[in-house]
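# Structural characterization, general
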Amino acid sequence: MGPRKWAFLLRTARIGWILAALTLAAAGTSTDVQGLARSLVEAGLWATVAWLTLDWILAAIRARRAGGGKAARDYLTSLPGLVAAVSALAIPFGLLLGYRSPELWMFGAVWVLTLMATARRLGRLGHVLNREAGSLGAVLALGLTMLFLSATGLYILEGDDQPDNFGSIPEALWWAMNTVTGVGIEAVPETVWGRIIASSVMVLGLGVFGLMAGILATGFASEVRREEFLGAWELVARVPFLKSLGPAAIADMAGTLRRLDVTENTIVVRRGQRGECMYFVAEGAVEVQLPSGPLTLPEGSFFGEMALLDGGAGIRSATVRCTRPAVLLVLDIADFRALIARHPALAKAVEEEATRRRSMEGDRQRDRTTIMPAEG
Ligand code: CMP
């Protein structure tokens, strides 16, 4: 099993344990849990306290080993470090305050922070909120203005008839808040103008929430696109051939290439089969099986281009196998055609490399046939 799979399994196990611990903490506060069930729940909870404490200390030790005292201090004062500290110390802190089981386990609620810290996408939410703060603030200001004006209107129009609900601006605001969020309270304005205001509050309330959801959704989508683009850019820049094409072509490529992770010994293309894409080796290496013998193409090279060129007739000229785990970037034939139309230099470079490869293979084969009789 590769390190990536291990990391995935560990992360999943960690999330599973935290979810189980939160359930146990909730069950632990209930006096209905008695006898053997209570012993099991408490054993699970104390095991969680021990694990969280160990996890925190080990993370600090690891940071110290990797970067000395400063790294350890940085970890302890970082957000993950603080979350780990709060999670580890919550129950001892409860004990210190004099709480005992079952109330003690309510402090386990802070373990939910560990779960939040495990959520990798949370950082992305932070970016989105940061970037969309202006638009979100404007929508929020609109919502608040609307709430305040409508509450004031309702106080003037309905205050005398329904003093319980609209007798003061705070009471009317409370009503408006309930109406906007759809929680709904029983009070209904009685005057015509009061009802008009109430209807506008509801419609505008929906609008404000819709706008906020829309801003956040587009923010998220563009954040994901940006991250994917940056990831692809980083990989594209590792391929010297692509790098030499200049920033415009790289940006163009980064948007069209698809990442493909392959394990050792995978046959990526097979001689004689139809080929509808070409590959760039961003990480690892591949071996081309040629009549003259195997030829290794290292990280940064490309293959599968011949089938896409006019002379290749869409058929793979050789079998290509990964000699170690590799990250390939796949360029589909449609994108390849569109790209070479936009960047003629790309077409020329690929054509020249294919010609060079064919002639090199010719030379290698000739060398073999001339050396062979001598060997014999
Ligand atoms: P394609 O024919 O699409 O599929 C097999 C690929 O192996 C081919 O494209 C080239 O990328 C690569 N290949 C074929 N012949 C050679 C060669 N002589 N030297 C290097 N690579 C080659």
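Structure: see above.
Residues numbered from 1 in each chain as written. Predicted model: local features only at pLDDT ≥ 70, side-chain atom pairs only at ≥ 80, totals over all residues. Heavy atoms only, no water.

## Structural notes on the packing of helix α6 (residues 133-158) against helix α9 (residues 192-236)
Closest axis-to-axis distance for the α6/α9 pair is 10 Å, and the angle between their directions is 170 degrees. Classified by the interaxial angle, the pair formed by α6 and α9 is roughly antiparallel. Across the interface between the two elements, Ser 135, Leu 136, Val 139, Leu 140, Leu 142, Gly 143, Met 146, Ser 150, Gly 153, Leu 154, Leu 157 and Glu 158 of α6 pack against Trp 193, Gly 194, Ile 197, Val 201, Leu 204, Gly 205, Val 208, Leu 211, Met 212, Ile 215 and Leu 216 of α9. The residue inventory of the contact of α6 with α9, partitioned by class, reads 16 nonpolar, six polar and one charged. (Axes fitted to C-alpha atoms, helices over the stretch in contact; angles between N-to-C directions. Helix = DSSP H or I, 4+ residues; strand = E, 2+ residues; numbered from the N terminus. Parallel < 35°, antiparallel > 145°, perpendicular 65-115°, else oblique. Contact = heavy atoms within 4.5 Å. Nonpolar A, V, L, I, M, F, W, Y, C, P; charged D, E, K, R; others polar.)

## Some words on the state of the cysteines
Summed over the entire model, instances satisfying the criterion amount to zero disulfides. The structure places no disulfide on Cys 277, whose sulfur is separated from the nearest cysteine sulfur, that of Cys 322, by 13 Å. (Disulfide = S-S within 2.5 Å.)

## Examining a nonpolar patch on the surface
Side chains of Tyr 155, Ile 156, Leu 157, Val 192, Trp 193 and Ile 196 sit close together on the surface and give an oily, nonpolar patch of about 620 Å² of accessible area. In this structure Val 192 comes out as exposed when scored by relative accessible area, which is 62%. (Patch = residues over 30% accessible without salt bridge, like charges linked within 9 Å, V, L, I, M, F, W, Y side chains within 5 Å. Areas by Shrake-Rupley, 256 points an atom, 1.4 Å probe, with all protein chains shown as cover. Salt bridge = Lys/Arg side-chain N within 4 Å of Asp/Glu carboxyl O. Buried < 20%, exposed > 50% of the residue type's maximum accessible area, 1.4 Å probe, protein only.)

## Focus on the site of the ligand
Not every one of the 15 residues close to the ligand is listed here, only the nearest: Gly 304, Glu 305, Ala 307, Arg 316 and Ser 317. Contacts to the ligand include Glu 305, whose side-chain N or O atom sits 2.5 Å from an oxygen atom. In this structure, Ser 317 approaches the ligand through a side-chain N or O atom, which is 2.7 Å from an oxygen atom. Burial of the ligand by the protein amounts to 96% of the accessible area it has alone, namely 450 Å². Those elements that place two or more of their residues in the shell around the ligand are β4 (286-290) and α13 (344-375). Here the residues of the shell around the ligand are counted per class, giving nine nonpolar, two polar and four charged. (Near = heavy atom within 4 Å. Polar contact = N/O pair within 3.5 Å; in protein donor to acceptor, adjacent residues only side chain to side chain.)

## Focus: the sheet that holds strand β6 (residues 302-303)
Read across the open sheet, the four strands follow the order β1-β8-β3-β6; overall the sheet is antiparallel. Edge strands, defined here as strands with exactly one partner in the open sheet, are β1 (258-262) and β6. Packed onto the sheet, helix α12 (residues 333-342) meets β3 (277-283) and β8 (326-332) and runs at close to 70 degrees relative to β8. (Pairing = 2+ DSSP bridges.)

## With respect to the pattern of salt bridges
With the rule as written, the count across this model stands at 12 salt bridges. Residue Glu 287 pairs with Arg 321 through a salt bridge whose shortest N-O separation is 3.4 Å. On the criterion of sequence distance, the pair formed by Glu 287 in strand β4 and Arg 321 in strand β7 (residues 319-322) is long-range, its members being 34 residues apart. Relative accessible area serves as the criterion here: at 15%, Glu 287 is assigned to the buried category. By sharing partners, the salt bridges in this structure join Glu 305, Glu 353, Arg 356 and Arg 357 into a single network.

## Remarks on the side chain of Arg 38
Relative to the helices and strands, Arg 38 is located in helix α2 (residues 35-77). Separated by 2.8 Å, the side chains of Arg 38 and Glu 42 make a polar contact. Not counting the four nearest positions on each side in its chain, Arg 38 is found in contact with Ala 27, Gly 28, Ser 30, Val 33, Ser 101, Pro 102 and Trp 105.

## Remarks on the packing of aromatic side chains
Per the counting criterion, the structure on display carries seven aromatic pairs. Summarising the aromatic geometry, the rings of Phe 93 and Phe 107 are spaced 6.4 Å apart at their centres and angled 85 degrees between planes, so their arrangement reads as edge-to-face. A residue pair is termed long-range when its members are at least 10 positions apart, and Phe 93 in helix α3 (residues 79-96) and Phe 107 in the loop between α3 and α4 (112-118) qualify at 14 residues. Judged by relative accessible area, which is 47%, Phe 93 ranks as partly exposed. Phe 107 gets classed as buried once you look at its relative accessible area, which sits at 17%. (Phe/Tyr/Trp six-rings, centres within 6.5 Å; stacked < 30°, edge-to-face > 60°.)

## Comments concerning α6
Helical periodicity: at 3.6 residues per turn, an α-helix aligns residues three or four positions apart in one direction. An ideal rise of 1.5 Å per residue puts 38 Å on 26 residues; α6 measures up with 36 Å between its terminal C-alpha atoms. Buried within α6 are the following residues: Leu 136, Val 139, Gly 143, Met 146, Leu 147, Ser 150, Ala 151, Gly 153, Leu 154 and Glu 158. (Expected span 1.5 Å × (residues − 1).)

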